[in-house]
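The primary structure of each chain is shown beneath.
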Amino acid sequence: MKKIFLCAWILGVILISCKKEKALNVDLSKSILDGYKGNDTDEWLRLNFLNVYNIEVLYRFDSFQLAVDRYSTPVREDKVKPVMELVRKGFINPYIDVAGKNFFMPRVPKEFGLFGGALYRAIDNTAEAAGNADAGRQINLFVLNDFDPNNKAAVIQMMHVIHHEFTHILNQTIPVPEGYDAISNNYIGDSWVRESQANADNMGFISRYSRKSKMEDFAEMVSFLLVEGQTAFDSKVKSVSADAGVKLRKKEQMVVDYFQISYGIDFRVLQDAVKKSI
Amino acid sequence: MVADHGFITINNYILMKKIVIMSFFALFFLQACKKDQTLIDNEKPEERAGKELQKLSNELIQSTNGWVAHVYTSEVKGDYSFYINFKENNVLTIRSDFDDNSFNTEQTSTYRLKKVMATTLIFDTDNYLDVLIDPNSNKGGKPGLGFGSDTEFEIKEQVGDTLKLTGKRRLTRLSLVKATAADKNFYTKSGIDGLSNYLKANPYLYIPDEKDANKKVQILINTDAVNRKVSFSTVEDNIFVSAEQFFAFSTPGISNLPVVYAGRTFVGFEWDKTNQKLFAITSKGDKVEVLVSTTPLTPLHLLIGTKYKSLTVPNQTTYPGWGTDFVTRRATAAKLPYSLKLETLKFDFNNDTKKVVLTVGIPQGTRQFYAYFGYDYTKTSLGVYKFTKDPSYVSPNGNGAIIESAMVPLLTERLTADTFTLDYFAHPTTKVILGQFKSVENPDFTFTGSLQ
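Thresholds, definitions, all that
- Residues numbered from 1 in each chain as written.
- Chains lettered and ligands numbered in written order.
- Predicted model: local features only at pLDDT ≥ 70, side-chain atom pairs only at ≥ 80, totals over all residues.
- Heavy atoms only, no water.
- Salt bridge = Lys/Arg side-chain N within 4 Å of Asp/Glu carboxyl O.
- Helix = DSSP H or I, 4+ residues; strand = E, 2+ residues; numbered from the N terminus.
- Contact = heavy atoms within 4.5 Å.
- Buried area = accessible area lost by both parts, 1.4 Å probe.
- Polar contact = N/O pair within 3.5 Å; in protein donor to acceptor, adjacent residues only side chain to side chain.
- Pairing = 2+ DSSP bridges.
- Axes fitted to C-alpha atoms, helices over the stretch in contact; angles between N-to-C directions.
- Domains from an automatic or database assignment.
- Nonpolar A, V, L, I, M, F, W, Y, C, P; charged D, E, K, R; others polar.

**Here we look at the pattern of salt bridges**
Pairing between side chains of opposite charge can happen when the charged atoms of each approach one another.
Thinking step 1. According to the stated counting rule, one finds 38 salt bridges over all chains in the structure shown.
Thinking step 2. A salt bridge links D234 of chain A to R249 of chain A, with the shortest nitrogen-to-oxygen separation between them at 3.1 Å. Taken together, the residues span a long stretch of sequence, with D234 of chain A in helix α9 (residues 230-239) and R249 of chain A in helix α10 (residues 242-263) at a distance of 15 residues.
Thinking step 3. Put simply, K346 of chain B and D348 of chain B hold a salt bridge, and the shortest N to O gap is 3.6 Å.
Thinking step 4. When salt bridges that share partners are traced, they join D34, D42 and R60 of chain A together with R112 and D124 of chain B into one network.

**Some words on the interface of chain A and chain B**
Thinking step 1. Between chain A and chain B, the contact holds 44 residues from the first and 44 residues from the second.
Thinking step 2. Across the chain A/chain B interface, buried area totals approximately 3800 Å², and carbon plus sulfur atoms make up 57% of it.
Thinking step 3. Close ionic contact of D34 of chain A with R112 of chain B constitutes a salt bridge, the shortest N to O distance being 3.1 Å.
Thinking step 4. Seen at the junction of chain A and chain B, the total is 17 residue pairs in polar contact (both at pLDDT 80 or more).
Thinking step 5. For the side of chain A that touches chain B, the leading source of residues is helix α1 (residues 2-17) of chain A, giving seven residues.

**Quick word on the pairing of strand β12 (residues 229-236) of chain B**
The two faces of the sheet receive side chains in turn, since in a regular strand these alternate between them.
Residues and elements named next belong to chain B.
Thinking step 1. As paired elements, strand β11 (residues 216-222) and β12 share five bridges and run antiparallel to each other. Considered in β12, the bridge of I219 is made with F232.
Thinking step 2. Remark: six residues form the turn of the hairpin made by β11 and β12, two consecutive strands paired antiparallel.
Thinking step 3. Relative to strand β13 (residues 239-250), β12 runs antiparallel, the two being bridged by eight bridges. In the sheet register, V235 faces β13, and the bridge partner there is F240.

**Remarks on the sheet that holds strand β3 (residues 111-114) of chain A**
All names here are of chain A.
Thinking step 1. Sheet architecture is open: four strands sit in the order β1-β3-β7-β6, paired in mixed fashion. The open sheet has two free edges, formed respectively by β1 (56-58) and β6 (131-134), since each of these has just one partner strand. With direction set aside, neighbouring strand axes in the sheet form an average angle of 20°.
Thinking step 2. Two strands pair when backbone bridges link them, and β3 and strand β7 (residues 138-141) are joined in this way by four bridges, in the parallel orientation. Paired with L114 across the two strands is L141, which belongs to β7.
Thinking step 3. Packing against the sheet, helix α3 (residues 77-99) makes contact with β1, β3 and β7, and its axis sits at approximately 140° to β3.

**Quick notes on the sheet that holds strand β17 (residues 287-289) of chain B**
All names here are of chain B.
Thinking step 1. Here nine strands make up an open sheet; going across it, the order is β17-β16-β15-β14-β13-β12-β11-β10-β18 and the pairing antiparallel. In this open sheet, the two edge strands, each paired with only one partner strand, are β17 and β18 (291-293). Strand-to-strand, the axes of this sheet are offset by a mean angle of 30°, without reference to chain direction.
Thinking step 2. Where strand β14 (residues 253-261) meets strand β15 (residues 264-272), six bridges bridge the pair, whose relative direction is antiparallel.

**A closer look at the pairing of β15 of chain B**
All names here are of chain B.
Thinking step 1. Counted along the chain from β14 to the antiparallel partner β15, the turn is two residues long, and its residue A262 has a positive phi close to 45°.
Thinking step 2. Judged from the six bridges that link them, β15 and strand β16 (residues 277-282) form a sheet pairing that is antiparallel. Across the sheet, the residue bridging to F269 is A280, located in β16.
Thinking step 3. Once β15 ends, the chain turns through four residues before running back antiparallel as β16, passing Q276 with a positive phi of about 55°.

**Thoughts on the domain arrangement of chain B**
Residues and elements named next belong to chain B.
Thinking step 1. Each assigned domain of chain B is listed here: domain 1 (47-181), domain 2 (191-296) and domain 3 (303-451).
Thinking step 2. Each of domain 1 and domain 2 has a C-alpha centre, and the two are 28 Å apart.
Thinking step 3. Taken together, the contacts link 16 residues of domain 1 with 14 residues of domain 2.
Thinking step 4. For the pairing of domain 1 and domain 2, the buried interface totals around 1200 Å² over both sides, and the portion due to carbon and sulfur atoms is 54%.
Thinking step 5. It is D79, D97 and F103 in domain 1 that bury the most area against domain 2; as a group they hold 37% of the surface buried on that side.
Thinking step 6. The tally of links between domain 1 and domain 2 comes to two salt bridges.
Thinking step 7. For the salt bridge of D97 with R228, the shortest nitrogen-to-oxygen distance reads 3.0 Å.
Thinking step 8. Between the two partners, domain 1 and domain 2, sit seven residue pairs in polar contact (both at pLDDT 80 or more).
Thinking step 9. For the side of domain 1 that touches domain 2, the element with the most residues is strand β2 (residues 78-86), which contributes four residues.
Thinking step 10. Its residues placed into classes, the side of domain 1 that touches domain 2 shows five nonpolar, six polar and five charged.

Listed below in structure tokens is the structure:
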């Protein structure tokens, strides 16, 4: 009895003391702590990417977009449109045309971060990447201040980065197939930077970076086949040793099967669409 | 009874304690959930912060002549000036004092003010300020670091017309001073351009010594962004005496940290645009007219190892002042093992020990490596050099041995085989003064490099 009385008393006190009579009176329109004002570029991005694909393009520099131990530099505003037009032409359109909106829209990264310089590691001030993907949500593109849409090599390099990163996003839902890493098992982590192209060729790797891990190898294969194209891949196979050539062919087949089995996408058709667009 | 009485007392005591504790709780609840609040200035914190941001934004935009900014870089120590006009809607226009292009061509970019930990000014798309950050800057700087500067600056203090800011990553100092009409003219109406052209046309400047009018004090103003320094020097009994400081172009000409030389303290230079004359300014406010010499006042071989500690041959395949033999031999040597790339050659001279260390930049992919070679040298009074391999030199790493055989065309067949003269060489377009080594035996083997 006494306990019930006590509890009721405490409850009463709490209820009375926390009674709210007024609505919370915060006027958010008076609380402007970021002086960001959109301009023509922002409007163009809103109309062409945010409204259409639900992609937000973050081009105005904010160091919080990168990890605290990484840094880069701001992008030139006049590079934003050409870069994003290329992204639409060489990445978004082919996927939507071949695989459909139902496949693409849930998977497309919701944020694109654009940066002028390379991505640097703060610990040793070394350039690390020309692109990276964060949790399947954001793709960051670097070194864009040097980007020239008429420079074929630069266009290929950038499309390579985007398709590489998107492959990682696909691998986050359906992992790299079993047995892929057994084809050439000389993965060496970060030491790849010290290895030569010739060594990679001999072991059946498509690029030096492929040697980092099976994830990177798979993404390098996909982006090479899509962006550099089948002809370039065939001549690559011919240029390396017979053993390495067999390994590359096995990996190629696993890539084609992965797209077919996992997502029902005809990789050859996708390959054509990407190649035609750039 | 006694025992009973005692029992009741203890019971009462426990009850009392409970009531006291409960009342405390009740008081806490009542006090903690009190809704009344008194606002200083009748404003909420976020409103005050927002107003402060707006006030600062207005101040930036409303300065009729714009702003003069100075950035004090940390990796390549220096002071670089910029002329900025902040406009509505996050737009700014900017010029900088690096070179002809940057002070004659205005750039437009965006900026914004944001409350983060403090009020922060962010230069959020690329402009001249980023030349100082760019790790691959064509203006030089350190790999991965550039000149050492920032993109995001916190506003620390406002003193009169000056805003003092500090960079968020590298703690770079940035000062913004409201520009006067004279500043605007200097940066936009070819004031700085005229001065720069004058310095290019007249590389050998001097002022008479205060005590002995026949003696000349050489003034060297190196405008090259990465080596930008002003120096005062004389040669006494073949010994070189000098003092130097970095500088920025700034109204009315050049401003530098005080340089004390032969009893006078120099703080900058005044540029008389109409009469095309330059005056050195002392801390007392005296003006000393700067005179022009058509020939170098000090032979370069007296300066290397003293004023200039090193000569850096740039990472190029051809360059002004390089002989055909050097170009061919450099190309042959560039075929290094292990995917290493042959980049810069830096000669560090030590005048006391008469030793020189050659540091060769040999990056592999994105990783920077260096190879080292040590030499002894002798020099005749006319400045003819002879290099011999230093048998006692211990390289800090084994990279020298790795590339030694590839470097034979440059080193064994030339550097240690020939004798060399050293002289000034003016870069034909930038007019920057370089050093040039010339082989006496093979006149086609010449190479130039920047002096530091």
